[in-house]
Amino acid sequence: MEELIGTLKNQIVEQLNLQHLKAEEIGDDQLLFGEGLGLDSIDALELIVLMQQKYGIKLANPAEGPKIFQTVRTMADYIVANKKA
Amino acid sequence: MRVFIAGKGTVSAIGSNCIESWDALRNLRSGIGRISVLPTIYADALPAGEVKFSNKELADIAGMDARTSRTALISAIAAKEALLDSGIDIKKYRTGFISANTVGGMDKTEIVYSEYLTKKSDAQLTGVMHHDSGSITELVADVLGIKDFISTISTACSSSANSMMYGARLIKSNLLDVVIAGGVDSLSRFTISGFNALMILDNKLCVPCDENRNGLNLGEGAGYVVLVSERVAKELGKNLDLILSGYANANDAYHQTASSPEGTGNFLAMTGALKMSALQASQIDYINLHGTGTKNNDLSEGLAVQKVFEKVPFASTTKCFTGHTLGASAGVEAVYSLLSMEHSTIIPNLRFETQMKELNFSPVTTLIENIELNHILSNSFGFGGNCSSLIFSKTTLN
Amino acid sequence: MKNLNETMSVHGDVFINGISCISPQPTFDNALFLAEVKVHSKNKIYTVEPDYSKFLDAIAIRRMSRIVKFGTTAGLTALKESGAEKPDAISTATGYGLLEMSQRFLQDCVASGEGIVSPTTFIQSTHNTVSSNIAIIIGCNAHNNTFSQKGFSFESTLYDAFLMMKEGAQKVLIGAYEEIGEFNYASMLQANELKHEPCNNLETFNYQNDGNILGEGAAFFVLENEKRENTYGKLIGFHTFLSTDDSTIPSMEIETFFQKQGIALTDVDVVLTGVNGKEVFDKALLAVTEKLFTTSTIGAFKHLCGEYMTASAFAFWLAAKMLKTNTVPDVLVLKHANRKPNIILIYNQYLHYHSLMLFKNV
């Protein structure tokens, strides 16, 4: 799980082009949207693309997004639960 | 000085001219369905309002080369209809062509690009000659024989409305006498992929203004009006009685793709148009809503409409018939608004079932005939917070 | 019966109160004026870019392509210089639009077989991304337009500004932005439009190596009804026309424009022409210019910025700088008449699109 969280942070930084941040600077439980990292609705769509491209997980309903993408940890939990073998 | 409408023309999924289009609207016949002309993997998955002709067929109608960008072909057909409808001899007047599109010649570019990726500079690249938006307008201006002034506006879904405003202003300033104004857009894989990535496409027939709406259906088409000065209107001797009485463009200044929750830009555009036309909100007989079917637009627009109108007049969106024709939408919907006025008929929404819980009004759901329509407001709100509203009014020439 | 010669001519003063230009020359620092001229050896020349972190928010920058960065920065800088927080209208132009993002999105589409693609590149490929970006950053709800009509793109914003000012706008931000896209460059190369490499931009008008050098850049201006302390000069009139033939230019269009302006051709101190390195266009353009403006200093600008659809915006910047500094840099001059730049004409041509922009000092 720790390894997944680490990889995920790097992928997030790359997908969202967060040039001003280093992956390690993102807290495991830091809120990604709103007050936390300040991401917006387009970033949410990019994370959906990330899920699909890197983990083969398809989110048909963007409304699920806010729950899954709350923090890096919630994303990792979702991946572990849903990743295609 | 009043700016009169001397002619109009349109092509879309529901018809290749005004008569066909009006017949479809009046008989509640939508043109949205399976994508059959554009080769795309989404042909069955995503319904769209495609113009039901191949490029070759369009070229034959337009009198142009079949290798021409579909965008130019559709534009030429509609613009020619408008000019013919006006009966104007453009050699007699200072005439401009102000068009709009977002896609340019992308339909051709995307075909060439695949080849370019594999072959690089060995690929045949002449297909990208008309990639830019302005080239499409140039091709059509050549067909129409317009040489005094041409321009193209590209502000996403409000583009054609901005063309009409620009044209009206040029006439009022006595720079031109006649302006063919409006816009066009054609379907491309680029556009389908883009909107799909934004997850705002409905994989069923769209239900704009509905509580359970699920996104928009894309469309393609063109709509043009011939705007003339009051002097020209009198000279034409056709007893013209429809004018573009008010218009405004405002910016939401909120986000590149999402509307502000309160619909600030929408509100400012509508109130600005009303101010210019010197009308009270209560004088508007019908609103042709932007009404795309997305969660975001229909809510923001609905809230803004409620803010402007103490009592919301009849309102509907014709995107239920054509899909969202993007850069062409304001042009197409201007033509439909004018047709509504001429026929004293309001076209309803299709497939509407449940009122949105946040709103106190629903769109019209059945055809309303024999209704006096003196003033119609038409909304077009685009990406980049670009919000435009137009008001068409009946008047007497003398 | 229509009078051809009265079409699309605007006569009337507006003050230029803020300017900013990012181009293949070091033009961004408004305190300097071509103190250094950059020599390029390629047939496509890129902008000299500022440090964007000083002007754009770090979180917002991550999504912006080059053209959005340099377009937005030029717009914000011109506004800042003018002292205007929010203009009453924003009108912008781009010939090809946002090519890098369009191409990246296309590439993604092709590579994924119309499958999963990133939405960011799609959103950032729309023509009005720069003008809406500016509006979002400064919180401006005003009229906001974007034009794309080849050699009339920037000129369309001049009309838009004039029309909005007639309706009461006091200050309008206008500007243009253009970028080199790999795909379009490749198609121009294939069509033999560009010079052979290596080339030297300062030798653009040496026709033994016939062709254009492809350029890019952004230039923004604040136009106002009022003269201010930092006013650069006045735009006193402009005109556009289309020629039907690449090598014949109706000089009557130009003569009539000046007649309506009430200015004699001999009153024009400097004429900057849009000669671009392609002999067939340049010969015709210079012939008409020299025939009409026999006593003026005649110059060029596309050897500095390259040829692109909105290059006339770069020339507008040059005119403003010449008026402010009361100098005509030698690097602009083809034929000297040693006149102080009180009245300046920019005569641009892009294919069969012709535009005249007339400036006067204050």
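Just so it is clear, the structure is predicted and the values come from calculations on it, not from any experiment.

A. Structural view of the overall build of chain A. Helix and strand counts for chain A stand at 4 helices and 0 strands. Starting at the N terminus and walking to the C terminus, you meet the elements of chain A as α-α-α-α. Projected onto its principal axes, the C-alpha positions of chain A cover 35 × 25 × 20 Å. Every one of the 85 residues in chain A was classed for burial, and the buried ones make up 27%. Excluding contacts between residues fewer than 6 apart, the proportion of contacts in chain A whose partners are at least 24 apart in sequence is 56%.

B. Examining the nonpolar core more closely. Judged by nonpolar contacts, the single largest core of 269 residues is most densely connected at I5, M164, V226 and L227 of chain B. Counting residues per element, this core draws most heavily on helix α11 (residues 312-325) of chain C, at 10 residues. In this structure L227 of chain B touches V3, I5, M164, G167, A168, I171, V179, A181 and L244 of chain B, once residues within four positions along its chain are discounted.

C. Local environment of the domain arrangement of chain C. Residue and element names in this part refer to chain C. Split by domain assignment, chain C resolves into domain 1 (13-224) and domain 2 (233-360). The interface is formed by 45 residues belonging to domain 1 together with 37 residues belonging to domain 2. Of all the elements in the fold, those that place two or more residues in the side of domain 1 that touches domain 2 are β1 (9-22), α6 (153-166), β4 (171-178) and β5 (217-224). A class-by-class count of the residues in the side of domain 1 that touches domain 2 yields 24 nonpolar, 14 polar and 7 charged.

D. Fine view of the interface of chain B and chain C. Each side of the interface is counted separately: chain B has 58 residues, and chain C has 53 residues. Looking at the side of chain B that touches chain C, the elements with two or more residues in it are α4 (106-119), α5 (133-144), β4 (149-153), α6 (159-172), α7 (189-197), β8 (242-251) and α9 (264-277) of chain B. When grouped by side-chain class, the residues that make up the side of chain B that touches chain C number 23 nonpolar, 26 polar and 9 charged.

E. View of helix α2 (residues 41-55) of chain A. Over its 15 residues, α2 of chain A extends 21 Å from the first C-alpha to the last, a length consistent with the 21 Å expected when each residue adds 1.5 Å. All of the buried residues in α2 of chain A are I42, D43, L45, E46, L47, I48, L50 and M51 of chain A. Buried residues along α2 of chain A sit in contact with α1 (2-15) and α3 (65-68) of chain A, α7 of chain B together with α4 (119-123) of chain C. After α2 of chain A finishes, the residue G56 of chain A shows a positive phi value of roughly 65°.

F. Here's a closer look at helix α10 (residues 295-308) of chain B. Compared with an ideal rise of 1.5 Å per residue, which puts 14 residues at 20 Å, α10 of chain B spans 20 Å between its outermost C-alpha atoms and is within 8% of the ideal. Its buried side turned inward, α10 of chain B meets α9, β9 (286-288), β10 (314-316) and β11 (375-382) of chain B.

G. The environment of T120 of chain C, seen in detail. Mapped onto the secondary structure, T120 of chain C falls in helix α4. In this structure T120 of chain C comes out as buried when scored by C-beta crowding, with 25 C-beta atoms within 10 Å. Sequence separation of T120 of chain C and R63 of chain C is 57 residues, and the distance between their C-alpha atoms is 7.1 Å. Contacts of T120 of chain C, omitting those with residues within four sequence positions, involve I42 and E46 of chain A together with R63 of chain C.

H. Structural context of the environment of I347 of chain B. Residue and element names in this part refer to chain B. By secondary structure assignment, the location of I347 is in the loop between α12 (329-343) and β11. Spatially, the C-alpha atoms of I347 and I368 are 6.9 Å apart, while their sequence positions differ by 21 residues. When neighbours within four sequence positions are excluded, I347 is seen to be in contact with L25, S316, T318, Y336, S340 and L367.

I. Just the pairing of strand β11 (residues 353-360) of chain C, in detail. Residue and element names in this part refer to chain C. The buried fraction of β11 is high, at 8 of 8 residues. One ladder, built from 8 bridges, connects strand β6 (residues 233-242) with β11; its direction is antiparallel. Within β11, the residue paired with L235 across the bridge is F359. Here strand β10 (residues 343-350) pairs with β11 via 8 bridges, running antiparallel. Each bridged residue has a counterpart across the sheet, and for L345 the counterpart in β11 is L358. Connecting the antiparallel pair β10 and β11 is a turn made up of 2 residues, with L351 showing a positive phi of about 55°.

J. Fine view of the interface of chain B and chain A. On the side of chain A, 4 residues touch chain B, which itself brings 5 residues to the contact. Of the residues contributing to the side of chain B that touches chain A, the split by class is 4 nonpolar, 1 polar and no charged.

Parameters at a glance
Residues numbered from 1 in each chain as written. Chains lettered and ligands numbered in written order. Predicted model: local features only at pLDDT ≥ 70, side-chain atom pairs only at ≥ 80, totals over all residues. Helix = DSSP H or I, 4+ residues; strand = E, 2+ residues; numbered from the N terminus. Buried ≥ 20, exposed ≤ 12 C-beta atoms within 10 Å, placed from the backbone. Contact = placed C-beta atoms within 7 Å. Core = buried A, V, L, I, M, F, W, Y, C linked by C-beta atoms within 7 Å. Domains from an automatic or database assignment. Nonpolar A, V, L, I, M, F, W, Y, C, P; charged D, E, K, R; others polar. Expected span 1.5 Å × (residues − 1). Pairing = 2+ DSSP bridges.

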